[in-house]
Amino acid sequence: MPPVHSSPCFQMNNQAILSLLRHTAGEKRAKSSRGGLLKMLKLFPMLTSGCKMVALLGRPRKALLKDNATTGTIFGYRKGRVSLAIQEDPHSVPMFVIELPMHSSLFHKEMASDIVRIALESETKTHKKKLLEEFVWAVYCNGRKVGYAIRRKQMSDDELHVMQLLRGVSMGAGVLPCPNNERESADGEMTYIRARFERVVGSKDSEALYMINPDGAAGPELSIFFARAR
């Protein structure tokens, strides 16, 4: 696999994210550590069909959370946009919630590609806040800029509904009952993917979430990157 710098589909130039993505020669990641969750999506054809991805390149890194990994949830109405919520565990209040500028159909299409990586870049340069406390983010999916998003100060009713329904769920994928039948008729079903992520901090201006496989089987990988402009 060529380095990220030479990949025609990766257009970002943020060095913090590139450093988290950079391939290290000779490094072989344990294929048994990730990817099994996305195999579950084959049970839900509305999310993806024949989903497959290759393991992302990486750099030697030390996980901050091992036994108590971070919980990440991507969810949204089929005809609406997807949201991302990050929690310390399924029972805690989310520390980061944002509606991504991506329609569910686009996200599901990307899930069927060879590489799934979502990057959020803050252009704030004050450094007065912790990275995940920044509000305005440029959002990239598989190297393509899809728009801007603003971190939630408070969850919407739909986001709160999803967090309550998934309070006892550590990982999974599927369809959730909607709080409003009229909304479901207009926007389609509420779909979700929840997984445990290895959280890796590159610096005060960059960190990443790497999906952890729940069953030890080899498979694809979903990664989420955060970086602040320097």
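All residue numbers refer to positions counted from 1 along the written sequence of the respective chain. For a predicted model such as this one, the threshold for reporting local features is a pLDDT of at least 70, and the threshold for listing and counting side-chain atom pairs is 80 or more; totals across whole chains, interfaces and linings nevertheless cover every residue. By convention in this description, side-chain values take in all heavy atoms of the structure and omit both hydrogens and water.

Going by the annotation in an unreviewed UniProt entry, the name recorded for the protein is Protein MIZU-KUSSEI 1, with Salix dunnii given as the source organism.

### Structural notes on the pairing of strand 10 (residues 222-228)
The side chains of a regular strand alternate, residue by residue, between the two faces of the sheet. Going by this rule: Summary of the burial criterion: residues with accessible area below 20% of their type's maximum are buried, those above 50% are exposed, and those between are partly exposed, where the area comes from a 1.4 Å probe applied to protein chains only. Per the convention used, a helix needs a DSSP run of H or I reaching at least four residues, while a strand needs a run of E reaching at least two, with both numbered from the N terminus. Two strands are counted as paired when DSSP detects at least two bridges linking them.
Buried residues dominate strand 10, accounting for seven of its seven residues. In strand 10, alternate side chains face the same way, and those of Leu-222, Ile-224, Phe-226 and Arg-228 on one face and Ser-223, Phe-225 and Ala-227 on the other are all buried. Direction of pairing for strand 4 (residues 116-122) relative to strand 10: parallel, over a ladder of seven bridges. Looking at strand 10, one finds that Leu-120 is bridged to Phe-226. Note that strand 9 (residues 206-212) and strand 10 share five bridges and pair antiparallel. For Tyr-210, the partnering residue across the bridge sits in strand 10 and is Ser-223.

### Side note on the nonpolar core
Where we set the bar: The definition of a nonpolar core used throughout is a set of buried Ala, Val, Leu, Ile, Met, Phe, Trp, Tyr and Cys residues joined through side-chain atoms within 4.5 Å. Residue contacts are defined here by distance: any two heavy atoms, one from each residue, within 4.5 Å place the two residues in contact.
Among the nonpolar cores identified, the biggest contains 28 residues, and Leu-84, Phe-96, Leu-120 and Phe-226 are the most heavily contacted of them. Mapped onto this core, the elements with two or more residues apiece are strand 2 (81-87), strand 3 (96-103), helix 3 (104-111), strand 4, strand 5 (136-141), strand 8 (190-203), strand 9 and strand 10. Broken down by element, the residue count for this core peaks at four residues, all from strand 3. For Leu-84, the contacting residues outside a window of four places in its chain are Thr-73, Ile-74, Phe-96, Val-97, Ile-98, Leu-100, Ile-224 and Phe-226.

### Notes on the packing of aromatic side chains
Our working definition: Any pair of Phe, Tyr and Trp rings, taking the six-membered ring for Trp, is counted once the centres come within 6.5 Å. Such a pair is stacked with planes under 30 degrees apart, edge-to-face with planes over 60 apart, and tilted for the rest. Only lysine NZ and arginine CZ atoms are considered, and such an atom sits over a ring when it is within 6 Å of the ring centre and within 35 degrees of the ring normal.
Counted under the stated rule, the structure contains four aromatic pairs. Measuring from ring centre to ring centre gives 5.8 Å for Trp-137 and Phe-226, while their planes differ by 80°; the resulting arrangement is edge-to-face. Taken together, the residues Trp-137 in strand 5 and Phe-226 in strand 10 connect sequence positions 89 residues apart. The same class applies to Trp-137 as to Phe-226, namely buried. A ring pair is formed by Tyr-210 and Phe-225, whose centres lie 5.9 Å apart and whose planes are at 90°; its orientation type is edge-to-face. One end of the pair, Tyr-210, is in strand 9; the other, Phe-225, is in strand 10, with 15 residues separating them in the sequence. The residues Tyr-210 and Phe-225 share a single accessibility class, namely buried. Site record: aromatic cluster; members linked through ring pairs are Phe-96, Trp-137 and Phe-226. We note Arg-151 situated over the ring of Phe-135; from NZ or CZ to the ring centre the distance is 4.2 Å.

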